[in-house]
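What follows is the residue order along each chain.
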Amino acid sequence: MRKSVAAVPSMALGILALGACVASSPAPGPEGGGCALDVLAPYLANVKGYTLTAFETGEGGARMILVGEGEPHWLLLTVALEGPNVHTFLVSRGQAGISEPPGEVDQQLAPAWDRLSSDPKAQGCAALNVSTPPMAEDAYKRMDDLFRQTESPKPAETGLPRGFLVVVVLALIAAAAGGMVLAIRRRSAIAAAARAPEDEPKA
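Please explain the packing of helix α2 (residues 34-44) against helix α3 (residues 103-116) as it appears in this structure.
Any two packed helices are characterised by the angle at which their axes cross and by the distance between the axes. For the pair α2 and α3, the least separation of the axes is 9 Å and the interaxial angle reads 145 degrees. Classified by chirality, the crossing of α3 by α2 is right-handed. Contacts between α2 and α3 involve Val39, Leu40, Tyr43 and Leu44 from the first element and Leu109, Ala112, Arg115 and Leu116 from the second. In terms of residue class, the contact of α2 with α3 is made up of seven nonpolar, no polar and one charged.

What follows is the structure in structure tokens.
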């Protein structure tokens, strides 16, 4: 029985270590994307101060969201190729009364659009190519849909990191398990003590 009790602290330490890993895990970035993301990622890396956080492909080309620290906080972008023609739609979010992206962002992306029209990888990526030019209204609606799905306001935070809360909960579970083992041992010891006189040989 002592081995079982000794295992409880070890289990608790293991759970705490697991919780620490959860707490330190980096936030996931955009998933999938296939050839479209492979083609566009080097171009998007030229946008200073912004990080790609969401990416999807489908009807109308590829849509993506870039997040920055300042204003505007979000950049929503659609890219589609129609033969040698490159169609792009860019709008910003997170700056009151302004939806136009900063001029420097346009300047940083402009060379990319020139190169995409002759980029063999871009031309060979079905997810980027469309048979008809995307309509502006449809492109902006699809970008807004992606924005609401991935960047919608989150519930109010408790002020504590999620990983820290996981560690606390797991530690409480481990402590409860240890308490149960100790309680079982105590009851077993009491029962054994109560039976001991009956087990002694009579004179």
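The discussion continues.
Honestly, the state of the cysteines in this entry has me stumped. Any pointers?
Working definition of a disulfide: a covalent bond connecting the sulfur atoms of two cysteines. Taken as a whole and judged by the stated rule, the model has one disulfide. Each sulfur in the disulfide pair Cys35 and Cys125 lies 2.0 Å from the other. Its torsion about the S-S bond being 75 degrees, the disulfide of Cys35 and Cys125 is classed as right-handed. With Cys35 in helix α2 and Cys125 in the loop between α4 (120-123) and α5 (136-151), this residue pair connects regions lying 90 residues apart in the sequence. The exposure class assigned to Cys125 is buried, which follows from its relative accessible area of 1%.

Could you clarify how one ought to interpret the environment of Thr53 in this entry?
Following the sequence through the fold, Thr53 ends up in strand β1 (residues 50-58). Among the residues examined, Thr53 registers a relative accessible area of 31% and is labelled partly exposed. On a C-alpha basis, the gap between Thr53 and Glu151 in space is 9.3 Å, while along the polypeptide they are 98 residues apart.

Would you explain the packing of aromatic side chains in this entry?
To describe a pair of aromatic rings, one takes the distance between the centres and the angle between the planes. Within the structure shown, the criterion is met by two aromatic pairs. With 5.8 Å between their ring centres and 80 degrees between their planes, Phe89 and Tyr140 make a pair best called edge-to-face. Placement of the pair is Phe89 in strand β4 (residues 85-93) and Tyr140 in helix α5, with a sequence separation of 51 residues. Judged by relative accessible area, which is 34%, Tyr140 ranks as partly exposed.

Help me understand the nonpolar core in this model?
One recurring pattern in soluble globular proteins is that nonpolar side chains are buried together. Counting residues in each nonpolar core, the largest one holds 26 residues, and the members touching the most others are Leu40, Met64 and Leu128. Of all the secondary-structure elements, those providing two or more residues to this core are α2, β1, β2 (61-68), β3 (74-82) and α3. The biggest single contributor to this core is α2, with six residues. Contacts of Leu40, omitting those with residues within four sequence positions, involve Phe55, Ala62, Met64, Val79, Leu116 and Leu128. Among the nonpolar cores identified, the runner-up in size contains eleven residues, and Ala54, Leu76, Ala139 and Phe147 belong to it.

Would you explain the confidence of the model for the chain in this entry?
Interpretation of the predicted coordinates at a detailed level should be avoided for regions scoring low in pLDDT. In the predicted model, the chain carries a mean pLDDT of 74, and 57% of its residues have values of at least 70. Mean pLDDT in the chain bottoms out at helix α1 (residues 2-24), which sits at 44, and peaks at β3, which reaches 95. Predicted confidence is poor over residues 1-29, with pLDDT under 50, and the contacts of this stretch with residues over four places away or in other chains come to 24 contacts.

When you look at the pairing of β1 in this model, what are you seeing that I'm missing?
Every other side chain in a regular strand lies on the same face of the sheet, so the side chains alternate between the two faces. One ladder, built from eight bridges, connects β1 with β2; its direction is antiparallel. Note that in β2 the partner of Glu56 across the bridge is Arg63. Counting the residues in the hairpin turn of β1 and β2 gives two residues, including Gly60, whose phi is positive at 95 degrees.

Would you explain the side chain of Asp119 in this entry?
If you trace the backbone, Asp119 turns up in the loop between α3 and α4. As a buried residue without a salt bridge, Asp119 has its nearest oppositely charged side chain in Lys121, at a separation of 6.7 Å. Setting aside anything within four residues of it in sequence, one finds Asp119 in contact with Val39 and Tyr43.

Definitions and cut-offs
Residues numbered from 1 in each chain as written. Predicted model: local features only at pLDDT ≥ 70, side-chain atom pairs only at ≥ 80, totals over all residues. Heavy atoms only, no water. Axes fitted to C-alpha atoms, helices over the stretch in contact; angles between N-to-C directions. Helix = DSSP H or I, 4+ residues; strand = E, 2+ residues; numbered from the N terminus. Left-handed = near helix turned anticlockwise from the far one by under 90°. Contact = heavy atoms within 4.5 Å. Nonpolar A, V, L, I, M, F, W, Y, C, P; charged D, E, K, R; others polar. Disulfide = S-S within 2.5 Å. Buried < 20%, exposed > 50% of the residue type's maximum accessible area, 1.4 Å probe, protein only. Phe/Tyr/Trp six-rings, centres within 6.5 Å; stacked < 30°, edge-to-face > 60°. Core = buried A, V, L, I, M, F, W, Y, C linked by side-chain atoms within 4.5 Å. pLDDT = per-residue confidence, 0-100. Pairing = 2+ DSSP bridges. Lys, Arg positive; Asp, Glu negative; His and termini not counted. Salt bridge = Lys/Arg side-chain N within 4 Å of Asp/Glu carboxyl O.

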